[in-house]
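# Structural overview for review
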Amino acid sequence: MSFREALESEKFVVTAEVGPPKGTDIDEMIHHIELLKGKVDAVNFTDNQSAVMRMNSLAGCKIALEHGVEPILQMTCRDRNRIGLQSDLLGAYALGVKNVLCMTGDHVSAGDHKGAKSVYDLESVQLLRVVDALNNGKDMSGNDLKGSTDFFQGAVVTPEANPLEPQLIKFEKKVKAGARFFQTQAIYDIEKFREFMNHARKFPVKILAGLVVLKSAGMAKFLNNFVPGIVVPEELIEELKAAGKEKALDTGLDICARHIKQLKEEGICDGVHIMAIGMEDRVPEILERAGLL
Amino acid sequence: MIITKKKDFKELMGNIRNYRSFFLIGCSECASLCGTGNEEAIRDMTEALKAEGKEVTGGFVPKTGCQVLGTKKELKAFKDELGRTDCILVMSCGAGTQTAVELFEDKAVYPANDSLFLGNMTRFQMFDERCSLCGQCILDKTGGICPVTTCPKGLLNGPCGGMQDGHCEVSPDIPCAWVRIYERMKKLDKLQELCETVVEAKDWSQGQKPRALSTREKKEKTRS
Ligand code: SF4
Ligand code: SF4
């Protein structure tokens, strides 16, 4: 069953994330792809995440396809103008990529090429519209395509943004622009997320809750202080502290599994997106603890 | 107005090292408000050049340095001084400098300032950038606050995921343009409109350089 079919069939869907390497050595990426094979519905390949230059997302997607894993192509608007974006989308589709996640992209000032010229010729809402046009056989200027795409297109949303209202307005625009699924920024407070879902449920889109494994109390505090749109509640930080240094990671994996279980059992959202950030090899274990394997 | 900043003096001296006598041209408009091309700036530059052993044949603050014909007329009175000069130092913006280049074909013309941006003066000699002259104004759709300029990504349809407590992901010193737009639209009771308008991708051909405009005979003509 494809990622799209899984979401449309109301199955509780699981996606994970792999960052292509900085360099041409793809052994570790293939290892992670193989580990996730058969355990998740699709794998996102990040697009120069945090504006740090790496192998492109499309190559990751193609390699995943060769290894029997369905990819989600992440596409940011930071590095390519409308010509580059459309051209890469056509190429991706021809190579067998069926899912695309449209994002704005972190600013170059966050990355390792700070002197780069940011592009942002389009932004996420407009990119979603472009995908919609390509799906309907037209490019952005209205020219006919010889062979259209049939992408299943998604976007991102930050349920814990502060203030939240401008983010919700943008969420609505993304839905109108054709987004069919959303993967959220990491969430840790299930009750607050439930409130967000009460709003999101008014729209005909599928929502995957973003999850990032907490490795320690220190990491939780770092996320709270330095990562926009992520709020780790105090009780979770206490829980990690109480576990002690040795057991902190284990507790973090438990918290993640517990959240997945609750989201699924209470039917809060349509699936989860696990961003392992360097712990891709622990994803199967999380799914096992959550009772999904 | 056009915001200018004095070039580092050492750098300037390096640029003009091969010249001996100078005529200084300021500007009574933007460069005066910036303190880079007013009478006082000309006086300071004259003294600084003299201290470096250079000769200054004269100086003048034209009304509007980027106005070619007007400046030409005003400078007629300085024919002798300009004749004795081997380098004209322009203390306004890059446009003013190029007025001098047009007027003095056979003389060296050097800029004394760096031209920065189109700015608003918020306090005495404090400036910020609010419009980047994109050629296709969308302030009508954004509550009068320009995201093309004041959002580092120039996003047209709402905040990115990097916004934190109303601040921009690029720097906590920058208020997020889209939170400001949201708040203003809320005050104007126009949130519905904000929600319903998807701003189209910009037509950057409207800002294709070099731009030119003639409104003569009430007929607007832009180079395209
Ligand atoms: S949209 Fe912004 S940059 Fe463009 S003309 Fe209007 S204020 Fe200036
Ligand atoms: S935080 Fe706001 S101002 Fe900064 S890049 Fe994102 S949308 Fe633009």
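Residues numbered from 1 in each chain as written. Chains lettered and ligands numbered in written order. Predicted model: local features only at pLDDT ≥ 70, side-chain atom pairs only at ≥ 80, totals over all residues. Heavy atoms only, no water.

## Quick word on the site of ligand 1
In the vicinity of ligand 1, the contacting residues are C131, S132, L133, C134, C137, I138, L139, C146 and T149 of chain B. Taken together, the residues of the shell around ligand 1 sort by class into seven nonpolar, two polar and no charged. (Near = heavy atom within 4 Å. Nonpolar A, V, L, I, M, F, W, Y, C, P; charged D, E, K, R; others polar.)

## Topic: the site of ligand 2
Near ligand 2 the following residues occur: C151, P152, K153, L155, P159, C160, M163, C168, E169, C176 and A177 of chain B. Its residues placed into classes, the shell around ligand 2 shows nine nonpolar, no polar and two charged.

## Overview of empty space enclosed by the protein
Residue and element names in this part refer to chain B. Counted under the stated rule, the structure contains four cavities of 30 Å³ or more. By volume, the largest cavity is sized at about 100 Å³. In this structure, the largest cavity is lined by 18 residues; those nearest its centre are C151, P152, C160, C168 and C176. Each residue belonging to the lining of the largest cavity can be placed in one class, and the counts come to 13 nonpolar, three polar and two charged. (1 Å grid on protein atoms, 1.4 Å probe; cavity = no way out; pocket = protein on both sides within 12 Å on 5 of 7 lines; lining within 4 Å. Points joined across faces, edges and corners; volume = space filled by probe spheres on them.)

## Quick notes on the interface of chain A and chain B
A common way to state how big an interface is: give the accessible area lost once the parts meet. Of the residues lining the interface, 31 residues belong to chain A; the matching set on chain B comes to 29 residues. Both faces combined, the contact of chain A with chain B buries some 2,500 Å², and carbon together with sulfur accounts for 55% of it. For the interface between chain A and chain B, the tally reads one salt bridge. Salt-bridge contacts for E200 of chain B lead to R129 of chain A; the nearest nitrogen and oxygen are separated by 3.0 Å. (Contact = heavy atoms within 4.5 Å. Buried area = accessible area lost by both parts, 1.4 Å probe. Salt bridge = Lys/Arg side-chain N within 4 Å of Asp/Glu carboxyl O.)

## Some remarks on the side chain of T99 of chain B
Residue and element names in this part refer to chain B. The topology assignment puts T99 in helix α6 (residues 94–103). By relative accessible area, T99 is classed as buried at 4%. What T99 contacts, discounting residues up to four positions off in sequence, is G65, C66, V68 and T71. (Helix = DSSP H or I, 4+ residues; strand = E, 2+ residues; numbered from the N terminus. Buried < 20%, exposed > 50% of the residue type's maximum accessible area, 1.4 Å probe, protein only.)

## A few points about a negative patch on the surface
A surface patch of negative charge is lined by D25, D27, E28 and D281 of chain A. Inspection of the secondary structure assignment puts D27 of chain A in helix α2 (residues 27–36). (Patch = residues over 30% accessible without salt bridge, like charges linked within 9 Å, V, L, I, M, F, W, Y side chains within 5 Å. Areas by Shrake-Rupley, 256 points an atom, 1.4 Å probe, with all protein chains shown as cover. Lys, Arg positive; Asp, Glu negative; His and termini not counted. Charge placed at Lys NZ, Arg CZ, Asp CG, Glu CD.)

## A look at the nonpolar core
Ranked by size, the top nonpolar core spans 87 residues in total, and within it F171, F193 and I260 of chain A carry the most contacts. For F171 of chain A, the residues in contact, after removing those within four places along its chain, are V157, F182, F196, A200, F203, V205 and I207 of chain A. Counting 16 residues, the second-largest nonpolar core is a separate cluster that includes M13, L24, L89 and A108 of chain B. (Core = buried A, V, L, I, M, F, W, Y, C linked by side-chain atoms within 4.5 Å.)

## A look at the domain arrangement of chain B
Per the domain assignment, the segments of chain B are domain 1 (2–117) and domain 2 (133–199). A straight line from the C-alpha centre of domain 1 of chain B to that of domain 2 of chain B covers 39 Å. (Domains from an automatic or database assignment.)

## Quick look at the sheet that holds strand β6 (residues 113–123) of chain B
Residues and elements named next belong to chain B. With antiparallel pairing, the three strands of this open sheet are ordered in space as β1-β6-β7. At either margin of the open sheet sits one strand with a lone partner, and together these are β1 (2–6) and β7 (126–129). Strand-to-strand twist across the sheet, computed as the mean angle between neighbouring axes with direction ignored, equals 70°. In terms of strand pairing, β6 meets β7 through four bridges, oriented antiparallel. From the neighbouring strand, R123 faces β7, where its bridge partner is M126. (Pairing = 2+ DSSP bridges. Axes fitted to C-alpha atoms, helices over the stretch in contact; angles between N-to-C directions.)

## Brief notes about the environment of K54 of chain B
Residue and element names in this part refer to chain B. Mapped onto the secondary structure, K54 falls in the loop between α3 (39–51) and β3 (55–60). Remark: the alpha-carbon pair of K54 and F22, spanning 32 residues in sequence, is separated by 7.7 Å. A polar side-chain atom of K54 sits 2.7 Å from the main-chain carbonyl oxygen of Y19. (Polar contact = N/O pair within 3.5 Å; in protein donor to acceptor, adjacent residues only side chain to side chain.)

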